[in-house]
Amino acid sequence: MNPFAVARQVGAVLLSIALAPLFMGWVAQCRAWLQNRSAPPLFLPFRMLRKLFWKDAVLAEHASALFRSTPYVLFGTMVLAAAIIPSVVLDLPFVLVADAIALVGLFATARVFIALAAMDVGTAFGTMGARREMMIGFLAEPALLMVFFNAFLISGSTALPSIAGRLAAPPFVVYPSLAFAGVAFVMVLLAENARIPIDNPATHLELTMIHEAMVLEYSARHLALVEWASGLKLFNYACIGFALFVPWGLASQHARPGTLVLAVLALLLKLAVAGAALALVETVSAKLRIFRAPEFLAMAFLLAVLGLLVHLLLGA
Amino acid sequence: MPAPTLTAQLLNGFAAGLLLISFSMLSQRRTRGLIELFAWQGAILFASTSLVAYSAGLRHLWYSAALTLILKVFLLPLILLRLVQRLQAQWDTEPLINIPTTMLLGVGLVIFAFGLAQPISALATTITRNTLGIALAIILLAFLMMITRRNAVSQVVGFLSMENGLFFAATSATYGMPMVVELGVALDVLVGVLVLGIFFFQIREQFDSLDLQNLESLKED
Amino acid sequence: MNIGPTPSLVPLLALITGWMGLGVAGLVRPHSVGVVARLIFPLGAVVALAVGLIGLGALLPGARPQVLVLPLGLPDLPFHVRLDPLAGFFLLLLGAAGAGISFFAAGYFRAGQGTAPGLLCLQYHVFLASMAMVVLADDAYLFMVAWETMALSSYFLVTTQHRIPEIRRAGFLYLLIAHVGAIGILLSFGVLQGGSWQFTFDAMRGQSLGPARASIAFLLALGGFGAKAGLVPMHVWLPEAHPAAPSPVSALMSGVMLKTAVYGFLRVTLDLLHTDQWWWGGVALGIGLGTALFGAVFAAVQTDMKRLLAYSSIENVGLIFTALGLALLFHSFGLQLFAALALSAALIHALNHALFKSLLFLATGSVLHATGERNLGKLGGLIRRMPWVAAMALVGTLAIAGLPPLNGFVSEWLLLQAFLSTPRIPKAFVNMLIPLGAAALALTVALAGYVMVKFYGVIFLGQPREPALAKAHPAGWLERIGLTWLALLCVVLGAFPRLLLDAAAPVTGTLVGATVHRGRATWAIAPIAPEQASYSGLLFLAGILGVVGFTFLAVRRIYHGRVRRTAPWDCGYPWQTPRMQDTAEGFGQPIRHIFGSAFRIERELPSPWDTSPRYRIQIEDRLWRALYLPLGRAVQRLADLVAVVQGGRLSVYLLYAFLTLIALLVFVL
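Predicted model, so just to flag it, every value in this text is computed and none were measured.

Draft legend 1. Structural view of the interface of chain C and chain A. Taken together, the contact pairs 77 residues of chain C with 75 residues of chain A. Interface area lost by chain C to chain A is led by C:Leu420, C:Tyr559 and C:Arg565, which between them contribute 9%. Between the two partners, chain C and chain A, sit two salt bridges. One can count 26 residue pairs in polar contact (both at pLDDT 80 or more) joining chain C with chain A. At the level of secondary structure, the elements contributing two or more residues to the side of chain C that touches chain A comprise α14 (382-385), α15 (387-400), α16 (407-420), α17 (430-460), α20 (537-558), β3 (563-566), α21 (584-587) and α22 (589-594) of chain C. Here the side of chain C that touches chain A gets 17 residues from one element, more than from any other, and that element is α17(C). Each residue belonging to the side of chain C that touches chain A can be placed in one class, and the counts come to 50 nonpolar, 19 polar and eight charged.

Draft legend 2. Region of the structure containing the interface of chain B and chain C. With six residues of chain B in contact, the opposing surface of chain C contributes five residues. Carbon and sulfur atoms supply 85% of the area that chain B and chain C bury against each other, a total of about 460 Å² over both sides. On the chain B side of the interface with chain C, the three residues burying the most area are B:Ile111, B:Gly115 and B:Gln118, jointly 74% of the side's total. On the surface where chain B and chain C come into contact, there are zero salt bridges. Where chain B touches chain C, the interface holds zero residue pairs in polar contact (both at pLDDT 80 or more). For the side of chain B that touches chain C, the per-class residue count stands at four nonpolar, two polar and no charged.

Draft legend 3. Main features of the pairing of strand β2 (residues 78-83) of chain C. In terms of burial, β2(C) is a largely internal element, five of the six residues being buried. The turn joining strand β1 (residues 66-73) of chain C and β2(C), which pair antiparallel and follow one another in sequence, is formed by four residues.

Draft legend 4. Inspection of helix α5 (residues 124-155) of chain A at higher detail. Residue and element names in this part refer to chain A. For α5, spanning 32 residues, the distance from its first C-alpha to its last is 46 Å, which sits close to the expected 46 Å at 1.5 Å a residue. Within α5, 31 of the 32 residues are buried, which leaves the element mostly enclosed by the surrounding structure. The first or second residue beyond α5 is Gly156, which carries a positive phi of 75 degrees.

Draft legend 5. Representation of the side chain of B:Glu163 in the model. Residues and elements named next belong to chain B. Mapped onto the secondary structure, Glu163 falls in helix α6 (residues 152-174). Using a relative accessible area of 14% as the deciding quantity, one classes Glu163 as buried. Within the structure, the side chain of Glu163 is placed 2.9 Å from the side chain of Lys72, a separation counted as a polar contact. In this structure, Glu163 is in contact with Lys72, Val185 and Val189, ignoring residues within four places of it in sequence.

Draft legend 6. Inspection of the packing of helix α4 (residues 100-121) of chain A against α5(A) at higher detail. All names here are of chain A. Running from amino to carboxyl end, α4 crosses α5 at an angle of 175 degrees, the nearest separation of the two axes being 9 Å. Compared by their axis directions, α4 and α5 come out roughly antiparallel. Residues Ala100, Ile101, Leu103, Val104, Phe107, Ala108, Arg111, Val112, Ala115, Ala118 and Met119 of α4 pack against Gly126, Thr127, Ala130, Glu133, Met134, Gly137, Glu141, Leu144, Leu145 and Phe148 of α5. Its residues assigned to classes, the contact of α4 with α5 shows 15 nonpolar, three polar and three charged.

Draft legend 7. Summary view of the pattern of salt bridges. Here the structure, examined in full by the defined rule, presents 27 salt bridges over all chains. For A:Arg111, the salt bridge identified is with A:Glu141, shortest N-O distance 3.2 Å. With A:Arg111 in helix α4 and A:Glu141 in helix α5, this residue pair connects regions lying 30 residues apart in the sequence. Note on accessibility: A:Arg111 and A:Glu141 belong to one class, buried. Among the ionic pairs, A:Glu192 bridges to A:Arg111, the shortest N-O distance being 3.6 Å. Placement of the pair is A:Glu192 in helix α7 (residues 176-192) and A:Arg111 in helix α4, with a sequence separation of 81 residues. Accessibility classification places A:Glu192 together with A:Arg111 in one group, the buried group. What you see here is one network of salt bridges that share partners, running through C:Arg82, C:Asp84, C:Asp138, C:Asp202, C:Arg205, C:Arg267 and C:Asp271.

Draft legend 8. Quick peek at a nonpolar patch on the surface. All names here are of chain C. On the surface, Leu638, Leu641, Val642, Val645, Leu650, Tyr653, Leu654 and Tyr656 cluster together into a nonpolar patch covering about 820 Å² of accessible area. Counting only elements with at least two residues in the nonpolar patch, the list comes to α23 (622-642) and α24 (650-668). We classify Val645 as partly exposed; its relative accessible area is 46%.

Draft legend 9. Geometry of the packing of aromatic side chains. Residue and element names in this part refer to chain C. On inspection of all chains with the given rule, the structure shows 43 aromatic pairs over all chains. On the numbers, 5.5 Å between centres and 70 degrees between planes, the contact of Phe90 with Tyr263 is edge-to-face. Highlighted residues: Phe90 in helix α3 (residues 85-108) and Tyr263 in helix α10 (residues 247-272), separated in sequence by 173 residues. As far as burial versus exposure is concerned, Phe90 and Tyr263 are alike and both buried. Here the aromatic rings of Tyr174 and Trp237 are separated by 5.0 Å at their centres, their planes lie at 35 degrees, and the arrangement is tilted. Of this pair, Tyr174 sits in helix α6 (residues 165-192) while Trp237 sits in the loop between α8 (211-229) and α9 (238-244); the two residues are 63 residues apart in sequence, bridging distant segments of the chain.

Draft legend 10. Region of interest: the packing of helix α1 (residues 3-34) of chain A against helix α10 (residues 257-284) of chain A. Residues and elements named next belong to chain A. At their nearest, the axes of α1 and α10 sit 9 Å apart, and the two run at 35 degrees to each other. The way α1 lies across α10 gives a crossing that is right-handed. When the residues that make up the contact of α1 with α10 are grouped by side-chain class, the tally is 17 nonpolar, two polar and three charged.

Draft legend 11. Spatial organisation of helix α2 (residues 44-54) of chain A. Looking at α2(A), one finds that the buried residues are A:Pro45, A:Leu49, A:Leu52 and A:Phe53. Seen end-on, α2(A) carries its buried residues on one side only, within an arc spanning 100 degrees. Structural note: α2(A) exposes A:Arg47 and A:Arg50 on the side pointing more than 90 degrees away from its buried face. On its buried face, α2(A) sits against α1 and α9 (220-245) of chain A together with α20 of chain C.

Draft legend 12. View of the confidence of the model for chain B. Taken as a whole, chain B shows an average pLDDT of 80; of its residues, 85% reach a score of 70 or greater. The least confident element of chain B is helix α7 (residues 179-207) of chain B, whose mean pLDDT is 77; the most confident is helix α2 (residues 31-56) of chain B, at 89.

Draft legend 13. Highlighting the state of the cysteines. All names here are of chain A. According to the stated counting rule, one finds zero disulfides over all chains in the structure shown. With no disulfide of its own, Cys30 lies closest to Cys239 among cysteine sulfurs, the gap being 17 Å. Exposure remark for Cys30: the relative accessible area of 6% places this residue in the buried category.

Draft legend 14. The confidence of the model for chain C, seen in detail. Here chain C averages 87 in pLDDT, while 98% of its residues score no lower than 70. Across the assembled chains, the prediction reports ipTM 0.93 with pTM 0.91.

Draft legend 15. Just the environment of C:Pro506, in detail. Examined against the element boundaries, C:Pro506 turns out to sit in helix α19 (residues 497-511). Considering only alpha carbons, one finds C:Pro506 and C:Leu86, 420 residues apart in sequence, at a separation of 8.0 Å.

Draft legend 16. A look at the environment of C:Pro78. All names here are of chain C. Summarising the element assignment, Pro78 is placed in strand β2. Residue class for Pro78 comes out partly exposed when judged on its relative accessible area of 23%. Separated by 51 residues in the primary sequence, Pro78 and Ala129 have C-alpha atoms spaced 19 Å apart. Excluding residues within four positions of it along the chain, Pro78 makes contact with Val69, Leu70, Leu72 and Asp139.

Rules used throughout
Residues numbered from 1 in each chain as written. Chains lettered and ligands numbered in written order. Predicted model: local features only at pLDDT ≥ 70, side-chain atom pairs only at ≥ 80, totals over all residues. Heavy atoms only, no water. Contact = heavy atoms within 4.5 Å. Buried area = accessible area lost by both parts, 1.4 Å probe. Salt bridge = Lys/Arg side-chain N within 4 Å of Asp/Glu carboxyl O. Polar contact = N/O pair within 3.5 Å; in protein donor to acceptor, adjacent residues only side chain to side chain. Helix = DSSP H or I, 4+ residues; strand = E, 2+ residues; numbered from the N terminus. Nonpolar A, V, L, I, M, F, W, Y, C, P; charged D, E, K, R; others polar. Buried < 20%, exposed > 50% of the residue type's maximum accessible area, 1.4 Å probe, protein only. Pairing = 2+ DSSP bridges. Expected span 1.5 Å × (residues − 1). Axes fitted to C-alpha atoms, helices over the stretch in contact; angles between N-to-C directions. Parallel < 35°, antiparallel > 145°, perpendicular 65-115°, else oblique. Patch = residues over 30% accessible without salt bridge, like charges linked within 9 Å, V, L, I, M, F, W, Y side chains within 5 Å. Areas by Shrake-Rupley, 256 points an atom, 1.4 Å probe, with all protein chains shown as cover. Phe/Tyr/Trp six-rings, centres within 6.5 Å; stacked < 30°, edge-to-face > 60°. Left-handed = near helix turned anticlockwise from the far one by under 90°. Arc of directions from axis to C-beta. pLDDT = per-residue confidence, 0-100. Disulfide = S-S within 2.5 Å.

This is the structure:
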């Protein structure tokens, strides 16, 4: 195995970990601007993480080892996911270990662990959050799988770097099935990352929480790891979207350092646009009633399936 | 498989957009949103017909495209919007079967339409023959919308959307219908909407609501 | 027919006889728990391990099928036994799961449950022996004898606590449907012999039936084996019988017995019949997907922990039959590589399910032992009282939810890869409908995750819902051995999926004539091509553990590890009790809301003026009312009509005998 490839892979993962809180900060800034408020500083999430790591952890009296270890498991799964998704470089040696379906399984693992940790404390809020999160998850996961199925039909592979490579290669073709999959993917991104219209990440009312209700009991370093993992999850989803729908700008196998710098700049540009678009979508939408959320996700699922059918009919 | 030409890609894209809009109409609850979606459907139809007219070099299709633009993008949606405003029918009542089930039925109809269209597409000689399945699907989806809605305005939009699908099918299979037929159909549609508008007022006067289930009470027992 | 040397068949038959001998030995001191449980069951577990190893031996690259004719059976149809890769795979399954379950049972059975332990020992070991004989049988007669023995011994095991009427009823329903299925299988064999009246499997292999007859045989086999496996609509016995039986027996039934039905189906369709009809695969696929979705949706709304696991078994059996249907479909179109992929997925899922379902059932056995409660609404917080059982159950839960890097993920990954290859099928409508099957499969898998979070969370996590749970005692050492063995297998097989594929390869080679690609690296599997998809369980596990460990150490080194304990967040309402957590019904409420039309729900809601408000909900299977009750009533009416014959008067009976005599005289003379 090429040591340079391994070094590039590790570098890409570290870059993802470092950029994730920055992306969160950028989205918060865009939201503030669109809502005509003065924006929080861009590096606020980093300062918040530092503050949290230094605090004493306060745990519920009967929280078990599962509760205490879940933040580490969450962080670990999200870092591993970042190793599979091409954000800067195309040749990731880690792709031999897991493909897109394993990626969906990884997200499912994270979801199951956080739901179990929420149920561990034994209050009404935790179990409510777990129940709602599993309800959102069980509809979002098939939709994501169908999006990857669409990508597979066009590119012939379920390994994300191969998909990105095939789609970025000339000639440039507009695939209608990918358009359907793109709409479905955006809907799944909003649902899985607890954004409006499914969930409000800034709410303080427990009865309206989905994701926040599960992390209600975490504090200090545990909360820091959970927040970082959530930011990393959003970053990962953004990078999956880039790899599938905007795959240009990824450095290929025989890249010189100059190309790598260009690839990083391309990633930053894509993240800036994506963050602004996300903030825009959040600002113009209203949060759905909880039982309209399954309809929203069913729509995403069926759109992805429609994309499959359109591909099989049109051959595109 | 060689990459399709730009024209073919655009046509496929337009067809996919039409299908997406038909599906969104199935899940749309607001009447105003339905009418806006219908206007967009007309716009994409115009773009698609123009592209076919340009690339196949057929003049009569330009006239059809212009007719589509005037009628379906501007005139009909305006009439319907004004109707909705005067009737104050902004929201639809709950559909007969809930929305996820409707969408599942929709997907089933799409498969049916695609399967039917494949052997027919092989016989056609136009550049748009692949999209015949999508046209059939649009017709069936619009029919489904008419069946499962209770609000009168939604049913009219479904009827108009069905006509859109028919037009698209004609364009993709045989490069349009004879001009006489097209003008006749356009006139029928316009008159139909005007007459239905009058009917809406009558229904509302009689029952104080536009819920079509009230019409069932007219049956003699 | 090659009668080659039989180096492992004879020891295998000796081991099976040893099982029956152990069972009889239990009758020597029938009421002594010490001798029976602590001595005989562990011996039975060792025999199971040996059986599993011999099964593994039949899967090694150089092994050839071994055939033997026993001097038992009918005069012109002695018992034929055959050990080939298919039989070897299922023997491996039986041995691996059976060993763990037997160890657990050694620590589980107590006196005073209705049946004496010695009798239980006999029934248990006869059950194990009969399942092994089903897998080895090479002619229809031995197959049916072993099948019936399996059904009868499991019936007696299910009705261990026969003093309770519900358990008797569950046993009766089980036996009824088992026999309806057996009739289907018998008729299928009858069609398969094709007029030659030779009932050995070799003779049936040589027959070439026309498409109509072959289809009838296929449908009869699907119905017969489906009744035993629990496919919808013949599934109604599963949710009744599995909770009624003692936990080790539930584990054995759910983990191993359902797989013998899968074995039978495979033997008949791919080995005895020569598939050339594509719609066979389509039918199996459709029924499998429907069963899987049905099982998952119903499992989500259960309140009894063993019933929940029973419905989950229905779901997994549906997944196995989905994979089998896909394999048949590919096979009939000549796409043998993809048929091998789908078949591997089916076999591996059968093995995985045997392991993690047994693990979960055994864990519920420990919970039942410790608390006496089966109702999810009265459990909770057991992770603190029974940490070992909780840890093993966590492994089982993660495995059954199909999460990487455990073994459940491997079979689901393979199945999804097989579905991804379906657009290659050359038939028009089919290649559009099957990808929708992938969508339904994805939905089922996600729903299974939901169900398992409910299962684990309500039982082991949270606060105890009843004060009596504080007296729950942890599991004994024998029970722990059984649980640990199964959990260890789940982890190891998940980390080395190559072992699973290599075990399934000889079977797919003999049945469809192709094997999936082995790939270059030993630590990864790439069944079609490495560029298309690749997965490595070992590196995945290493990656997760590495990152988690590194993060933990880094945080501790750079910052600190101080912890304070306090009460949980109560939002300003300090009178929260443990009963305010989600109940089992509460956790399943979103599924009940979304899939409401699938159930038959009876609800009793309190009114605002009730002084002692009660909320009651009862969720039933629609098929019971729609299909089984009318069928039962029709049978009852028919029986009443026929009962007219039984007049009750002696002279009428003598008249019957007289008329029969006259008829015989007329016929013969």
